[in-house]
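Results of the structural survey
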Amino acid sequence: MLISTLRREWLTNPPRELLAGAVATFALIPEVIAFSFAAGVDPQVGLYGSFVIGIVIAFAGGRPAMVSAAAGSVALVAAPLVASHGLSYLFAAGLLAGALQIVFGLLRLGVLMRFVSQSVRTGFVNALAILIFAAQMPHLLGEGWQTYALFAVALALIYGLPRLITAIPSPLIAIVLLTAAASLLQLPVKTVADLGRLPEALPVFAWPTVPLSWETLRIIVGPAVAIAMVGLLESLMTATVVDDLTKSPSSRDRECTGLGLANMASSLFGGIAGCGMIGQTVSNVKYGGRGRLSTLFSCAFLLVLMVALKPWVSQVPVVVLVAIMVMVSVDTFNWSSLRAVVAHPRLSSTVMLATVAVTVASHNLALGVLVGVLLSGVFFTVKVARLMHVVPESDTAAGPLTYRVTGQVFFASADAFTEAFDLNAAGEAGVRVDISQAHFWDVTAVAALDKIVGRYRANGIPVEVVGMNQASATIVERLAVHDTKRPEFSKH
């Protein structure tokens, strides 16, 4: 069993895994460097973090083929801490964030992803595709015609070469050919060297140089919680996307603990914390990455490129990497969701569009998903509340007035339940409340039933509650003010 698992996760088509990981590596370079600037740190901090995170997550993560590295969402959260207290406090916050993520996984809280609806997931993916595309625009706007020409040729190679050759991913061929062409023709285009200082050596172990005091904890606890939650959310959402793409399951709890270990290791080796990178992950999966080998190689190759092959990588035109990321954004976007906006229920489409709008407007993936989850919960609650009906009917001319209740009675439908009863309509025979087709869920529902019974009894009107199921009876007997053991209350 163990041997078959290792073979499946590590040794399934190694050449394809290595090539797919290499494509993901080149897709990482511009993003990681850009995110480093967003966090207010040197590019090497982001690159070191991406290398360490990738190495650890390849072994400890719960989703094979997923690429994790320094991410923009984490960078946005980290930036204020770096600006106010410096890099050492960022490393300390990363350590604490990693510890929190490990606790999250050990408590098996990955199950909370079940509360994220498909509409929110689609909105998350679409918003991220838009953000990836938008992040490439600064590299294109205001540049010379040579940049645009190289961009067009790069896209033509990326999309055209697969018709001729599939053994080698087309983005790798495009990088080699266009880097050589730009160097030979001495084209005036930006290269990777223009993005910032690249690493000159391997990362080394170092404990964050911050005081071990309550004041330090007070400073880092807020950013650490934010980094932990944003990282977990983006990683788990990315894992869900890979699950859908590969039609295979992942271990969410293992992914949480693995990410925590990775972020702690990154902070101890001079790197920024990170999480799952959906754009690079989609690129990895598209070109054949299915196991842990592609994840391991993508980040190991990153360090090789940045240190051992630094002179060559420095000459790679940025616009070629931009073309790769544009391809990634196009592949990430769920184009069928555009038709689904009209075909799907209005509330589901509203949730998806709201998730996209909030995420794009705030550049905060966690906030967008949070809004989407909240809207999904509110819309679901409203929908279920509307399914509760109370219908009055008289059995006989001299019999009691019967109110037949159907549906779910809870906090959102309790007021409608109460308002459906008319004291003036009750005759001498009294009232029967038939709840055999209803279920009472919470203290608000019990209070509503209790209020109805109290009103009738206060006016001297006999009232009988019949048809209560066992679950409802248990909560009513525990919470109701009036004595539910009286004969008027029947569970049958």
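The rules behind these values
- Residue positions are given per chain, counted from 1 along the sequence in the order it is written.
- In keeping with the model being predicted, local features are shown solely for residues with a pLDDT of at least 70 and side-chain atom pairs are shown and tallied solely at 80 or more, while totals for entire chains, interfaces and linings include all residues.
- The basis for every side-chain value is the complete set of non-hydrogen atoms in the structure, without hydrogens or water.
- Think of pLDDT as the predictor's per-residue confidence, scored from 0 to 100.
- Only heavy atoms enter the contact rule, under which two residues are in contact if any of them lie within 4.5 Å.
- Salt bridge, as applied in this entry: a Lys or Arg side-chain nitrogen positioned within 4 Å of an Asp or Glu carboxyl oxygen.
- Secondary structure follows DSSP: runs of H or I at least 4 residues long count as helices, runs of E at least 2 residues long count as strands, and numbering of each begins at the N terminus.
- When a residue's accessible area, from a 1.4 Å probe over protein chains only, is under 20% of the maximum for its type it is buried; when over 50% it is exposed; and in between it is partly exposed.
- A helix is expected to reach a length of 1.5 Å times the quantity of its residues less one.
- In this scheme, strands are said to pair when DSSP sees at least two bridges between them.
- Seen with the strands pointing away from the viewer, any crossover whose path from the first strand over the helix to the second strand runs clockwise is right-handed.

Attention now goes to the confidence of the model for the chain. Within the chain, residue pLDDT values average 86, and 96% of them lie at 70 or more. Low confidence marks residues 484–492, where pLDDT is under 50. Its contacts with residues over four positions away, or in another chain, come to 23 contacts.

Now for the pattern of salt bridges. Inspection of the entire model under this criterion finds 9 salt bridges. Taking the shortest distance from any N to any O, the salt bridge between Glu-215 and Arg-218 comes out at 2.5 Å. Placement of the pair is Glu-215 and Arg-218 together in helix α9 (residues 214–246), with a separation of 3 residues, close to one helical turn. Owing to a relative accessible area of 41%, Glu-215 belongs among the partly exposed residues under this scheme.

A separate point is helix α5 (residues 87–106). With 20 residues, α5 should reach 28 Å at 1.5 Å per residue; the first-to-last C-alpha distance of 29 Å fits that figure. Looking one or two places after α5, you find Arg-108, whose phi comes out positive at around 60°.

Let's shift gears to the pairing of strand β5 (residues 431–440). When you tally the buried positions in β5, you get 7 out of 10 residues, the bulk of the element. Pairing analysis gives 8 bridges linking strand β4 (residues 401–409) to β5, with the strands arranged parallel. The partner of Thr-406 across the bridge, within β5, is Gln-437. Across 4 bridges, the pairing between β5 and strand β6 (residues 463–466) is parallel. Residue pairing across strands places Asp-434 opposite Val-466, the latter belonging to β6. Read as a crossover between parallel neighbours, the route from β5 over helix α19 (residues 443–458) to β6 is right-handed.

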